[in-house]
Amino acid sequence: GAGVSQSPSNKVTEKGKDVELRCDPISGHTALYWYRQSLGQGLEFLIYFQGNSAPDKSGLPSDRFSAERTGGSVSTLTIQRTQQEDSAVYLCASSLGALLVEETQYFGPGTRLLVL
Amino acid sequence: GESVGLHLPTLSVQEGDNSIINCAYSNSASDYFIWYKQESGKGPQFIIDIRSNMDKRQGQRVTVLLNKTVKHLSLQIAATQPGDSAVYFCAEGGSNDYKLSFGAGTTVTVRA
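Residues numbered from 1 in each chain as written. Chains lettered and ligands numbered in written order. Predicted model: local features only at pLDDT ≥ 70, side-chain atom pairs only at ≥ 80, totals over all residues. Heavy atoms only, no water.

1. Focus on the overall build of chain B
For step 1, the next point in the chain: Looking only at helices and strands, one finds zero helices and ten strands in chain B.
For step 2, the next point in the chain: Each helix (α) and strand (β) of chain B, taken in turn from the N terminus, gives the series β-β-β-β-β-β-β-β-β-β.
For step 3, the next point in the chain: Compactness check: chain B gives a C-alpha radius of gyration of 13 Å against a globular reference of 13 Å for 112 residues, within 12% of the reference.
For step 4, the next point in the chain: Judged by the C-alpha coordinates and their principal axes, chain B covers about 40 × 25 × 25 Å.
For step 5, the next point in the chain: Burial statistics for chain B: of 112 residues in total, 42% are counted as buried.
For step 6, the next point in the chain: Within chain B, counting contacts between residues at least 6 apart in sequence, those at least 24 apart form 50% of the total.
For step 7, the next point in the chain: Carbon and sulfur atoms make up 47% of the accessible area of chain B, which amounts to about 5,500 Å² in all.
For step 8, the next point in the chain: Seen as two clouds, the 10 positive and the 10 negative side-chain charges of chain B have centres 2 Å apart. (Helix = DSSP H or I, 4+ residues; strand = E, 2+ residues; numbered from the N terminus. Rg over C-alpha atoms; globule rule 2.2 N^0.38 Å. Buried < 20%, exposed > 50% of the residue type's maximum accessible area, 1.4 Å probe, protein only. Contact = heavy atoms within 4.5 Å. Areas by Shrake-Rupley, 256 points an atom, 1.4 Å probe, with all protein chains shown as cover. Lys, Arg positive; Asp, Glu negative; His and termini not counted. Charge placed at Lys NZ, Arg CZ, Asp CG, Glu CD.)

2. As for the environment of B:L100
For step 1, the next point in the chain: Mapped onto the elements of the fold, B:L100 is located in the loop between β8 (86–93) and β9 (101–102).
For step 2, the next point in the chain: Sequence spacing of B:L100 and B:I34 is 66 residues, and the spatial spacing of their C-alpha atoms is 8.9 Å.

3. A few points about the interface of chain B and chain A
For step 1, the next point in the chain: Contact with chain B, which involves 21 residues of that partner, is made by 22 residues of chain A.
For step 2, the next point in the chain: Around 1,700 Å² of area is buried between chain B and chain A when both sides are counted, 61% of it from carbon and sulfur atoms.
For step 3, the next point in the chain: Contact with chain A buries area across many residues of chain B, yet B:Y98, B:K99 and B:F102 alone supply 33% of it, more than any other trio.
For step 4, the next point in the chain: B:K99 serves as the salt-bridge partner of A:D56, at 3.4 Å between the closest nitrogen and oxygen.
For step 5, the next point in the chain: At the surface where chain B touches chain A, the tally comes to six residue pairs in polar contact (both at pLDDT 80 or more).
For step 6, the next point in the chain: Only β3 (32–38), β4 (45–51) and β8 of chain B provide two or more residues apiece to the side of chain B that touches chain A. (Buried area = accessible area lost by both parts, 1.4 Å probe. Salt bridge = Lys/Arg side-chain N within 4 Å of Asp/Glu carboxyl O. Polar contact = N/O pair within 3.5 Å; in protein donor to acceptor, adjacent residues only side chain to side chain.)

4. Some details on the sheet that holds strand β6 (residues 65–69) of chain A
To summarise the sheet geometry, strands pair through backbone hydrogen bonds and adopt either a parallel or an antiparallel arrangement.
Residue and element names in this part refer to chain A.
For step 1, the next point in the chain: Read from one edge to the other, the open sheet built from four strands follows the order β1-β3-β7-β6, with strand pairing classed as antiparallel. Strand pairing shows two members of the sheet lacking a second neighbour, β1 (5–7) and β6, which therefore form its edges. Direction aside, the axes of adjacent strands within the sheet are offset by 15° on average. (Pairing = 2+ DSSP bridges. Axes fitted to C-alpha atoms, helices over the stretch in contact; angles between N-to-C directions.)

5. Details of the sheet that holds strand β7 (residues 72–77) of chain B
All names here are of chain B.
For step 1, the next point in the chain: A sheet is described by the order of its strands in space; here four strands give the open sequence β2-β7-β6-β5, paired in antiparallel fashion. Looking at the sheet topology across the chains shown, the edges are occupied by β2 (19–24) and β5 (56–58). Averaged over all neighbouring strand pairs, the angle between strand axes comes to 15°, with direction disregarded.
For step 2, the next point in the chain: As defined by bridge partners, strand β6 (residues 62–67) adjoins β7 across six bridges and the pair is classed as antiparallel. Across the sheet, residue V64 finds its bridge partner in β7, namely L75.

Structure follows, in structure tokens:
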């Protein structure tokens, strides 16, 4: 594909509802990242997938957050029982391999989540 | 125009002037640094990177300077153009790692 795509681009939901955010990485990229960007803040690492290895979930802020990556390609980030503090831009990035010095992370446009 | 670390998150610069964006990084073990540009409504875009065995690296109209002694990184943009208006983030990590830590970002606004 031309780049990393994410859907939906915007999502408005009510507090307590579940949401699913989707990321389609660049074809052939084995590494996939999810980040959260709160208003006026930098990017906060959430989770990392690399090939068939166990994901690094160390950045997930609570057990309401989960993510999966099916078939080594598309990834879904799920937030259960959303709270107002979950409102943010959720960014996905992919890279050809894992090492920072070798592989640039390419970012999608993000999903803007607003929890009312 | 010049920003100072994370305490001045905005920078206004006249078109044609040079811009200097500063970043104080936190982890002395970091040996790989990247600058990203994020335009409104878009994801961050890679600009330039530098490894800790270098103190300067140049790209097209951009220069990154690294001072490991004081853990300071700067991005210089020559002849700033309206298209340079964006939020600029520095990020640090281990060159053999996969995780990046991002700064809060500096908003650059170019005045015509």
